[in-house]
Amino acid sequence: SNQSSDNCSLPLCSKIFFPLSKYKMPVDLLHPSAEQEASTHKLKRLVQSPNSFFMDIKCPGCFQITTVFSHAQSVVLCGSCNVMLCQPTGGRARLTEGCSYRKKVD
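Residues numbered from 1 in each chain as written. Predicted model: local features only at pLDDT ≥ 70, side-chain atom pairs only at ≥ 80, totals over all residues. Heavy atoms only, no water.

(A) Focus on the overall build of the protein chain. If you tally the helices and strands in the protein chain, you get 2 helices and 6 strands. Scanning the protein chain from its N terminus toward the C terminus, one meets helices and strands in the order α-α-β-β-β-β-β-β. The burial tally for the protein chain puts 18% of its 106 residues in the buried class. Long-range contacts, defined as pairs at least 24 residues apart, comprise 24% of the intrachain contacts of the protein chain with a sequence gap of at least 6. Summing over all exposed atoms, the protein chain offers an accessible surface of approximately 8600 Å²; the carbon and sulfur share of this is 57%. (Helix = DSSP H or I, 4+ residues; strand = E, 2+ residues; numbered from the N terminus. Buried < 20%, exposed > 50% of the residue type's maximum accessible area, 1.4 Å probe, protein only. Contact = heavy atoms within 4.5 Å. Areas by Shrake-Rupley, 256 points an atom, 1.4 Å probe, with all protein chains shown as cover.)

(B) Fine view of the pattern of salt bridges. A complete count under the given rule lists 2 salt bridges for this structure. Residues lysine 104 and aspartate 56 are paired through a salt bridge, measuring 3.3 Å at the closest nitrogen-oxygen approach. Placement of lysine 104 in the segment after strand E6 (100-103) and of aspartate 56 in strand E1 (residues 54-58) is noted, with a sequence separation of 48 residues between them. Given the relative accessible area of 41%, lysine 104 is considered partly exposed. Since its relative accessible area comes to 10%, aspartate 56 is described here as buried. One salt-bridge network, in which partners are shared between bridges, spans Asp56, Arg102 and Lys104. (Salt bridge = Lys/Arg side-chain N within 4 Å of Asp/Glu carboxyl O.)

(C) Molecular detail of the side chain of arginine 45. Mapped onto the fold, arginine 45 is located in the loop between helix H2 (34-39) and E1. Leave out the neighbours within four places in its chain, and arginine 45 touches Glu37, Ala38, Thr40, Pro50 and Asn51.

(D) Quick look at the packing of aromatic side chains. Summed over the entire model, instances satisfying the criterion amount to 1 aromatic pair. Here the aromatic rings of phenylalanine 54 and phenylalanine 69 are separated by 5.2 Å at their centres, their planes lie at 55°, and the arrangement is tilted. In this pair, phenylalanine 54 is assigned in strand E1 and phenylalanine 69 in strand E2 (residues 65-69), connecting sequence segments 15 residues apart. Classification of phenylalanine 69 by relative accessible area gives partly exposed; the value is 33%. (Phe/Tyr/Trp six-rings, centres within 6.5 Å; stacked < 30°, edge-to-face > 60°.)

(E) Focus on a nonpolar patch on the surface. A cluster of nonpolar side chains, namely Met25, Val27 and Leu29, defines an oily patch on the protein surface of about 320 Å² accessible area. Along the chain, the position of valine 27 falls in the loop between helix H1 (12-17) and H2. (Patch = residues over 30% accessible without salt bridge, like charges linked within 9 Å, V, L, I, M, F, W, Y side chains within 5 Å.)

Spelled out as structure tokens, the structure:
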């Protein structure tokens, strides 16, 4: 009895304040882009996920691979040649020049 004749399931009062044909959201909140999702805070993402990861760092001298946490809080040295691979900063560890890395997969 509260509906008009145009077969809409919304009550009459919501059609007066929010006509469906006129207003659209400027941003799709359920389907954010990858760049937008990566730039948001780790707790405010659609699905919470950490910014940190484990990585394999290749030593520039002996090419030995060492697994290091991305936000390491201490200096990491190569196991065989004692070259410094990364040094801590306030957030992510800074790689030494010449070192290459790749993210570890699960």
